[in-house]
Amino acid sequence: MTDTITVPLTDVRVARAVELVWREAELLDRKDYLVWQELYTDDARYVVPIDPDTEDFAGTLNMIYDDARMRAMRVTRMTEGYAIAAVDAARTVRTVSRFVPETVTDAEVVLRSAQLLIAYKRGRHDIWAADVRHRVRLSSSGDRIAEKVVRLVDSEDAVPAAGFLL
């Protein structure tokens, strides 16, 4: 675990990163995947690792390890044509909180948070809990996500397929 720094959440750079994370959660709950993918930088990674402690995402097995091309393909599956993930997708509500800045510069904020996702489908509620790390690049032309790592609390167990993005 990385030691936290002592930059307050009221720091304008941190507040911008938190607002972007909240915007992302809102877009995902609305299933606005086309707009969601625009929140990411061209070189960004979206990762859901199996090993809860790994930082070597390229060298270990992941549930999701998406670059821009794979994110675009995932969004296409979720929004076009017949895909079980899109046709019978759960309705979701995310709560993202417990924000902790790891590093803060004028160009980038690395922010840890907790995410609780409630998914409702066919009369059943499922809970997905995760520790999340966002690497947010700050820019006057618009802040964007350079990396998102979702560490599910049950990642080493059998995790059911999700018809939504984490």
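This text goes with the structure placed above it.
Residues numbered from 1 in each chain as written. Predicted model: local features only at pLDDT ≥ 70, side-chain atom pairs only at ≥ 80, totals over all residues. Heavy atoms only, no water.

A. Broad picture of the nonpolar core. Ranked by size, the top nonpolar core spans 37 residues in total, and within it Trp36, Tyr46, Leu111, Val150, Phe164 and Leu166 carry the most contacts. Per-element accounting of this core gives the leading share, eight residues, to helix H1 (residues 12-29). If sequence neighbours within four positions are ignored, Phe164 has contacts with Tyr33, Met78, Ala90, Thr92, Arg94, Leu117, Ala119 and Trp128. (Core = buried A, V, L, I, M, F, W, Y, C linked by side-chain atoms within 4.5 Å. Buried < 20%, exposed > 50% of the residue type's maximum accessible area, 1.4 Å probe, protein only. Helix = DSSP H or I, 4+ residues; strand = E, 2+ residues; numbered from the N terminus. Contact = heavy atoms within 4.5 Å.)

B. Here's a closer look at the pairing of strand E3 (residues 91-104). As judged from the eleven bridges shared by E3 and strand E4 (residues 108-121), these two strands associate in the antiparallel manner. Along E4, the bridge assignment pairs Arg94 with Leu117. Turn length for the E3-E4 hairpin, with the two strands adjacent in sequence and antiparallel, is three residues. (Pairing = 2+ DSSP bridges.)

C. Quick look at a nonpolar patch on the surface. A contiguous nonpolar patch, built from Val93, Leu116, Ile118 and Ile127 and spanning about 370 Å² of accessible area, is present on the exposed surface. In this fold, Leu116 is placed in strand E4. The class of Leu116 is partly exposed, set by a relative accessible area of 47%. (Patch = residues over 30% accessible without salt bridge, like charges linked within 9 Å, V, L, I, M, F, W, Y side chains within 5 Å. Areas by Shrake-Rupley, 256 points an atom, 1.4 Å probe, with all protein chains shown as cover. Salt bridge = Lys/Arg side-chain N within 4 Å of Asp/Glu carboxyl O.)

D. The pairing of strand E6 (residues 144-152), seen in detail. Most of E6 is tucked away: eight of the nine residues are buried. Here eight bridges tie strand E5 (residues 124-137) to E6, and the two strands are oriented antiparallel to one another. Pairing of Ala130 across the sheet is with Leu152, part of E6. Here E5 folds back onto E6 in antiparallel fashion, the turn holding six residues, of which Gly142 has a positive phi close to 130°.

E. Focus on the pattern of salt bridges. Going through the model one piece at a time under the given rule, you end up with 19 salt bridges. Here Asp11 and Arg13 are joined by a salt bridge, their closest N and O atoms 2.9 Å apart. Looking at Asp11, the relative accessible area reads 17%, which means it is buried. With its nearest N and O atoms 3.1 Å apart, the salt bridge here joins Glu55 to Arg133. Within this pair, whereas Glu55 is found in the loop between strand E1 (40-49) and strand E2 (62-66), its partner Arg133 is found in strand E5, the two being separated by 78 residues in sequence.

F. Inspection of H1 at higher detail. The end-to-end C-alpha separation of H1 is 26 Å, in line with the 26 Å expected for 18 residues at 1.5 Å each. Of all the positions in H1, only Val14, Ala17, Val18, Leu20, Val21, Glu24, Ala25, Leu27 and Leu28 are classed as buried. Those residues of H1 that are buried lie in contact with helix H2 (33-37), E1, E3, E4, E5 and E6. Its side-chain oxygen 2.8 Å from the backbone nitrogen of Arg13, Asp11 forms the N-cap of H1. Just downstream of H1 lies Lys31, where phi reads positive at about 60°. (Expected span 1.5 Å × (residues − 1). Polar contact = N/O pair within 3.5 Å; in protein donor to acceptor, adjacent residues only side chain to side chain.)

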